[in-house]
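The residues making up each chain are set out below.
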Amino acid sequence: MHPYHNTKIAMLGVGFLLEYLFPCVRHLVGEENLYDCVIGTTAQEDAIPGKEARMGIRVWYKRNDEMLRTLRPDIILFAPQPYLAPEVARTVLKPYYDELRAQSAPLPDLYAAPPSPVGQFYRDLLGQDIHVVNLLPNMLTEISGMDVATQGVTEITFPEGDVWPQDHEARLREFFSPFGACVNTPPHLVMAYLGGQCTLHTVSEYVYTIRTVCNKRGYSLTDAQVASALRAAFQRYTHYHYEPTRPCSEEDVPQALRPAIDQVIRSLYDGVSDACLALGMDHQLIDDLFLNYVDLHLHTLQVETREQVVKTAFQHATKGGVTEMALRVFYQRMEYPLARAFAALEGQIDENTIATLREAAADCARIVTDHGYRLGDPLPPVLGVEHHAVLYGLLVRAFKAHLGDAADQAVHEATVTYGRQRGRRMALRAQKLGLPLDMVSYMALKEWKPSNPTDFDSVSLRQTPYAVSQERLCPWNQAWKTFDMGKEANFYCRDIDRAVLEGFNPALRLNMPTCLTAGDAQCEFHFLDAQMDADALERLTALKAQLGESAILPFPYHVAHLLAAFTGTALAKYGEKGQAAIDEAIEGFKAQYGQSAWEMVDAELKKDFNSID
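Note that residues are indexed from 1 along each chain, following the sequence as it is written. Predicted model: local features are reported for residues with pLDDT of at least 70 only, side-chain atom pairs are reported and counted for 80 or more only, and whole-chain, interface and lining totals are derived from all residues. Only hydrogens and water are removed before side-chain values are computed, so all heavy atoms of the structure are retained for them.

1. Thoughts on the sheet that holds strand β14 (residues 523-527)
- Whether two strands pair depends on DSSP finding at least two bridges between them. Helix and strand definitions follow DSSP, with helices as H or I runs of at least four residues and strands as E runs of at least two, each counted in order from the N terminus. In space, the 4 strands of this open sheet follow the order β11-β12-β14-β13, with antiparallel pairing throughout. Single-partner strands in this sheet number two, and they are β11 (457-462) and β13 (510-514). Within this sheet the neighbouring strands show an average axis-to-axis angle of 25°, counted without direction. Lines fitted to the C-alpha atoms define the axes, with helices restricted to the stretch that makes contact. Angles between their N-to-C directions range from 0 to 180 degrees.

2. Considerations on the packing of helix α18 (residues 407-432) against helix α21 (residues 486-504)
- Where α18 contacts α21, the axes come no closer than 6 Å and their chain directions differ by 35°. Regarding α18 and α21, the two cross each other, and that crossing is right-handed.
- In this classification, Asp, Glu, Lys and Arg are treated as charged, Ala, Val, Leu, Ile, Met, Phe, Trp, Tyr, Cys and Pro as nonpolar, and every other residue, Gly included, as polar. Looking at side-chain class alone, the contact of α18 with α21 contains 12 nonpolar, 5 polar and 7 charged residues. Left-handed describes a crossing whose near helix is turned anticlockwise from the far helix through less than a right angle; right-handed describes the clockwise counterpart.

3. Some points on the pairing of strand β12 (residues 467-473)
- With 5 of its 7 residues buried, β12 lies for the most part within the structure.
- Of the pairings in the sheet, the one linking β11 to β12 comprises 5 bridges and is antiparallel in character. When the bridges of β12 are listed, Arg 462 appears paired with Val 468.
- The loop that links β11 with its antiparallel partner β12 comprises 4 residues.
- Pairing geometry for β12 and β14, over 5 bridges, is antiparallel. Following the sheet pairing, Val 468 is matched in β14 by His 526. Remark: exposure states derive from per-residue accessible area (1.4 Å probe, protein chains only) relative to the maximum for the residue type, with buried under 20%, exposed over 50%, and partly exposed in between.

4. Regarding the environment of Gly 280
- As for its position among the elements, Gly 280 is in the loop between α12 (258-278) and α13 (283-303).
- We classify Gly 280 as partly exposed; its relative accessible area is 45%.
- Through-space distance from the C-alpha of Gly 280 to that of Leu 189 is 6.9 Å; in sequence the pair is 91 residues apart.

5. Digging into the environment of Trp 164
- Here Trp 164 is to be found in the loop between β9 (153-157) and α8 (166-176).
- Throughout, a residue-residue contact means that at least one pair of heavy atoms, one from each residue, lies within 4.5 Å. Excluding residues that lie within four positions of it along the chain, Trp 164 makes contacts with Asp 109, Tyr 111, His 131, Val 132, Val 133, Phe 158, Glu 169 and Leu 172.
- Only 3.0 Å separates the side chain of Trp 164 from the side chain of Asp 162, close enough to count as a polar contact. We define a polar contact as two N or O atoms separated by no more than 3.5 Å, with the added condition that, inside protein, one atom must be a possible hydrogen donor and the other a possible acceptor, whereas residues neighbouring each other in sequence contribute only through side-chain atom pairs.

6. Remarks on the layout of surface pockets
- Considering only enclosed or pocket space, the second largest pocket measures out at about 1200 Å³ in volume.
- Taken together, 46 residues make up the lining of the second largest pocket; nearest its centre are Lys 446, Trp 448, Glu 471, Phe 525 and Phe 527. Put simply, the grid is 1 Å and covers the protein atoms alone, a cavity is a trapped set of points that fit a 1.4 Å probe, a pocket is an open set with protein on both sides within 12 Å along at least five of seven lines, and lining residues have an atom within 4 Å of a point. Grid points are joined across faces, edges and corners, and a volume is the space filled by probe spheres set on the points.

7. Structural notes on the state of the cysteines
- The disulfide criterion is simple: two cysteine sulfur atoms within 2.5 Å. Inspection of every chain in the model, using the stated rule, returns 0 disulfides.
- Not part of a disulfide, Cys 37 finds its nearest cysteine sulfur in Cys 24, a span of 17 Å.
- Residue classification places Cys 37 among the buried positions, given a relative accessible area of 6%.
- Cysteine Cys 214 remains unbridged, with the sulfur of Cys 248 as its closest cysteine sulfur at 18 Å.
- Among the residues examined, Cys 214 registers a relative accessible area of 1% and is labelled buried.

8. A few points about the pattern of salt bridges
- When a carboxyl oxygen of Asp or Glu lies within 4 Å of a side-chain nitrogen of Lys or Arg, that pair is called a salt bridge. Throughout the structure, instances matching the rule amount to 38 salt bridges.
- We note a salt bridge from Glu 549 to Lys 449, for which the minimum N-O separation is 2.4 Å. With Glu 549 in the loop between α22 (534-547) and α23 (555-593) and Lys 449 in the loop between α19 (439-444) and β11, this pair connects stretches of sequence that are 100 residues apart.
- Taken together, the salt bridges that share partners define one network made up of Lys 94, Asp 98, Arg 101 and Asp 129.

9. Things to note about the packing of aromatic side chains
- Pairing of aromatic side chains requires ring centres within 6.5 Å, counting the rings of Phe and Tyr and the six-membered ring of Trp. Pairs whose planes differ by under 30 degrees are stacked, by over 60 edge-to-face, and all others tilted. Under the defined criterion, the tally for this structure stands at 25 aromatic pairs.
- When the centroid spacing of 4.9 Å and the interplanar angle of 75° are considered together, the rings of Tyr 392 and Tyr 492 count as edge-to-face. Highlighted residues: Tyr 392 in helix α17 (residues 385-403) and Tyr 492 in helix α21, separated in sequence by 100 residues. The pair formed by Tyr 392 and Tyr 492 is uniform in burial state, with each residue classed as buried.
- Measuring from centroid to centroid gives 5.2 Å for Phe 399 and Phe 566, while their planes differ by 70°, and the two rings are edge-to-face. Taken together, the positions of Phe 399 in helix α17 and Phe 566 in helix α23 put the pair 167 residues apart, joining distant regions of the chain.
- Under the relative-accessibility criterion, Phe 566 is labelled buried at 0%.

10. Re helix α9 (residues 190-201)
- By this rule, a helix spans an expected 1.5 Å times one less than how many residues it contains. For α9, with 12 residues, the first-to-last C-alpha span of 17 Å sits near the 16 Å given by 1.5 Å per residue.
- Across the 12 residues of α9, 12 count as buried, placing the element largely inside the fold.
- For α9, the set of buried residues is Val 190, Met 191, Ala 192, Tyr 193, Leu 194, Gly 195, Gly 196, Gln 197, Cys 198, Thr 199, Leu 200 and His 201.

11. Quick look at the nonpolar core
- Only buried residues count toward a nonpolar core, which is a set of Ala, Val, Leu, Ile, Met, Phe, Trp, Tyr and Cys residues joined through side-chain atoms within 4.5 Å. Counting 78 residues, the largest nonpolar core has Tyr 392, Phe 399, Trp 476, Trp 480, Phe 566 and Phe 589 as the members making the most contacts within it.
- A per-element tally of this core places α23 first, with 15 residues.
- If we skip the residues at most four places from it in the chain, Tyr 392 touches Val 411, Thr 415, Trp 480, Glu 488, Phe 491, Tyr 492, Leu 562 and Phe 566.
- Formed by 66 residues, the second largest nonpolar core is a distinct cluster that contains Met 191, Leu 230, Val 264 and Leu 289.

12. Here we look at α22
- Spanning 14 residues, α22 covers 20 Å between terminal C-alpha atoms, matching the ideal 20 Å at 1.5 Å per step.
- Taken together, the buried residues of α22 touch α19.
- Count one or two residues on from α22 and you reach Gly 548, which has phi positive near 60°.

See below:
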């Protein structure tokens, strides 16, 4: 029995993370003392029986105040959702610490799991005499039956000026010892660590992208082989190795791919290092925090399926959090140059592309770092392509869950309705302006514009005898990839462009021989009635200049229109089941983007989407 048995621990916010950390609780308190020494609270009342059975402790529904006063804990594990943490600290923690201080009672150490707010926030709120630590635990402790806990690290951060008694810090390190060592990161660098780690987590997307692109070129690679080669190249580059472990080898991929494999894993790690150095870390701290992480993650990718990896990532991630942001940046900035490099690979990747990938990795780390600082104080939402794409994916999932065999036809009908209404509005604008319903007017009267032109890579293949163009990069497709909605996306791209054109003028024709969401390298558009000779191109340029942005509608409108089209289909034909599907999709949207984003959409639902008035 070690000296920390019988330590009393209050677990405030027992969700996935605190259940994951429970081996540390059991280790510190002792199995035989769990029921008497540990109490948890949760906002999920129906989950309480399962949590109590799994952990062998008392779990109470939202009774935070009662838990603290009943247990009188030595340690408070504090893990509400980041956006709720400040309010819970004000309404629950502050009265309790004030009460203890008035009684001259010992103050419990506060282990705060959200990376934001930072520890100084708690000291300013609760008092400079408390001891608080922000923590980011090692999340890789077992890989396909192999115990790797001691290879990982838990990042801990003490606020400046918070000098912990030696025995309290020793207890903290003992608490986390089942999950490896603790690495102390200064408070001004904790978000940089988070940004770097989440960017390095995208190595799973590197594996998937490389395997997918190479197999389209005739290779027969698995994710495990690509991960093994990347891991071996990383170990050779960094001289990192840890035993015991599974073997890895660059020879798991063909010789022709090995130089490029080496280049991209270096560019990822070096890009993250560049960002972290600029943010104030030194090389030693970077390696202490990240070398093991990359190795462990690639090790995982050697033995787990793509489906398992995606499921685990979404299970660990907070909606709207830093992991999600890193995936978003990967698909906005990194996936496209990576895929093109391997699609055209002959020997080494050119230096410009590697520089692009390295800078994109650095940008990703910086963007995620900034996002981490905002988690406790989010900016007002700005709706865009992602919100539109994700709502579509949520609607398709909900239709499939509630409408059974009728779902595919219902999604088709709703998507076509939505597209035709868009096209009809464009036609009404053309008629109001006295314009013909031809392809020049159609191309000039689009209702949305990209927030960033680099979100697209558009190529014109020819203009006569009819226009053929390709979209090799599309922000809708990238958003669906970010949220693992590829299957749902197929419904949209199968119908939407033809439906919009048909709504504008049923006589105009479009063929699409390839599509990104079907796994092709590009969406290819054959506008069979668009003979874009010099006169037509001149007309188009002049018309775009004349219109400016007068036809553009904001994305809250587009998101609301999408929902209205699906709602109309669902209620007209499927009654209560249709309503249940719509309700589920709306709740999913709120859970992902918050009440404020939903209110922006809801405000647009009163509009007539068949009208331009």
